[in-house]
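Listed here are the chains, written in short residue letters.
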2 protein chains.
Amino acid sequence: MVVRIDVSDDEVDRIFRALADATRRDIVRRTLTGPASVSQLAATYDMSFAAVQKHVAVLEGAGLVTKQPRGRERLIHGNPETLQRAQRLLDAYEGIWRGRISRLDALLEDD
Amino acid sequence: MVVRIDVSDDEVDRIFRALADATRRDIVRRTLTGPASVSQLAATYDMSFAAVQKHVAVLEGAGLVTKQPRGRERLIHGNPETLQRAQRLLDAYEGIWRGRISRLDALLEDD
DNA sequence: AATACGTACAACCATTTGGTTTCACAATAC
DNA sequence: GTATTGTGAAACCAAATGGTTGTACGTATT
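Below, the structure is looked at part by part.

### Examining the interface of chain A and chain B
In this assembly, 31 residues from chain A lie in contact with 35 residues from chain B. Taken together, the connections running from chain A to chain B amount to four salt bridges. Here A:Asp13 ties to B:Arg25 by a salt bridge, and the two come within 2.8 Å at their closest N and O atoms. In this structure, the connection of chain A to chain B is made through twelve residue pairs in polar contact (both at pLDDT 80 or more). Listing elements by their share of the side of chain A that touches chain B, those giving two or more residues are helix H1 (9–19), helix H2 (22–33), helix H5 (80–98) and helix H6 (105–108) of chain A. Here the side of chain A that touches chain B gets eleven residues from one element, more than from any other, and that element is H5(A). When the residues that make up the side of chain A that touches chain B are grouped by side-chain class, the tally is 17 nonpolar, three polar and eleven charged.

### Observations regarding the pattern of salt bridges
Residues and elements named next belong to chain A. Applying the stated criterion across every chain yields a total of 14 salt bridges over all chains. Salt-bridge contacts for Glu94 lead to Arg98; the nearest nitrogen and oxygen are separated by 3.3 Å. Residue Glu94 and its partner Arg98 are located together in helix H5, separated by four residues, close to a single helical turn. Under the relative-accessibility criterion, Glu94 is labelled buried at 13%. Residue classification places Arg98 among the partly exposed residues on the basis of a relative accessible area of 43%.

### Here we look at the packing of aromatic side chains
In this description, an aromatic ring pair is defined by two values, namely the gap between the centres and the angle between the planes. Evaluation of the coordinates by the stated rule reveals one aromatic pair over all chains. Seen from their ring centres, A:Phe16 and B:Phe16 are 6.0 Å apart, and the 20° between their planes marks the pair as stacked. Of this pair, A:Phe16 sits in helix H1 while B:Phe16 sits in helix H1 (residues 9–19), which puts the two residues in different chains. By relative accessible area, which is 2% here, A:Phe16 ends up buried.

### Topic: the packing of H5(A) against helix H2 (residues 22–33) of chain B
The geometry of H5(A) relative to H2(B) is characterised by a closest axis approach of 8 Å and an angle of 25° between their N-to-C directions. By the angle between their axes, H5(A) is roughly parallel relative to H2(B). The element H5(A) and its partner H2(B) pack so that their crossing is right-handed. Between H5(A), through A:Tyr93, A:Ile96 and A:Trp97, and H2(B), the contact on the second element is made entirely by B:Arg25, B:Val28, B:Arg29, B:Leu32 and B:Thr33.

### Examining the relation of the copies chain A and chain B
Of the transformation placing chain A onto chain B, the axial shift is 0.0 Å and the rotation is 180°, giving an RMSD of 0.1 Å. Such values leave the two copies arranged in the relation of a two-fold axis. The overlap is high: 90% of the interface residues of chain A also sit at the interface in chain B, so the same surface is used on both sides.

Conventions adopted
- Residues numbered from 1 in each chain as written.
- Chains lettered and ligands numbered in written order.
- Predicted model: local features only at pLDDT ≥ 70, side-chain atom pairs only at ≥ 80, totals over all residues.
- Heavy atoms only, no water.
- Contact = heavy atoms within 4.5 Å.
- Salt bridge = Lys/Arg side-chain N within 4 Å of Asp/Glu carboxyl O.
- Polar contact = N/O pair within 3.5 Å; in protein donor to acceptor, adjacent residues only side chain to side chain.
- Helix = DSSP H or I, 4+ residues; strand = E, 2+ residues; numbered from the N terminus.
- Nonpolar A, V, L, I, M, F, W, Y, C, P; charged D, E, K, R; others polar.
- Buried < 20%, exposed > 50% of the residue type's maximum accessible area, 1.4 Å probe, protein only.
- Phe/Tyr/Trp six-rings, centres within 6.5 Å; stacked < 30°, edge-to-face > 60°.
- Axes fitted to C-alpha atoms, helices over the stretch in contact; angles between N-to-C directions.
- Parallel < 35°, antiparallel > 145°, perpendicular 65-115°, else oblique.
- Left-handed = near helix turned anticlockwise from the far one by under 90°.
- Least-squares fit on C-alpha atoms with pLDDT ≥ 70 in both.

Below you can see the structure in the form of structure tokens.
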């Protein structure tokens, strides 16, 4: 029985879960190049404003974007730090495969 | 020269979705170091054999592991190629942020 | 031959997800 | 002021997810 003491498994769950949707990946891409309001984002997708709002909320919950009020708008900014975190995770897995890292378990139980 | 990441949206969805679960990430980790049977995997988790079987099926559907029959067992092997695909995806996002990649859109449209 | 083991698969259940519509409200525009 | 725009939040719905138990069947073991 693998007992998971580390709570932040949930955080990794949220990051990958948030990236597992094409619309959300597109929102991340767009907000990495520069901020955009929720309605600006919503204008380009074939779904309701509320649906896009929910996607943004999922990304925000995963720490992949941040919301910054400006007037009546909410500017969405992509958060590269969280992406780097996901990158490091995948890098660690590749490290396992290559056998370069000997005792990686602690790292993968997720910092 | 532009190397095209030829991955469909659905495929990327499945990869990240599969990685969005701690048990499945653990299975990937374990099968990257060496093959393991489904029952060997299941023995270490606090859930039914059938549940682990389903997790393996999700990973297999995402191409993160492969199943190879040997006798009455099914040996599960981790698949580093698929992990590399996910890595390249995240690398591309980081490239956007850094502004180092100029024409990345075609790459990210993940056709 | 009989038994145990490893896997597959179906049926079922509770919760989550991804979408919708609708209503409310603050900020801007006219 | 009134109207419009941008957002938030609730209620609702169908489908997917993650778990369970039970059954069936090929493969080893004895």
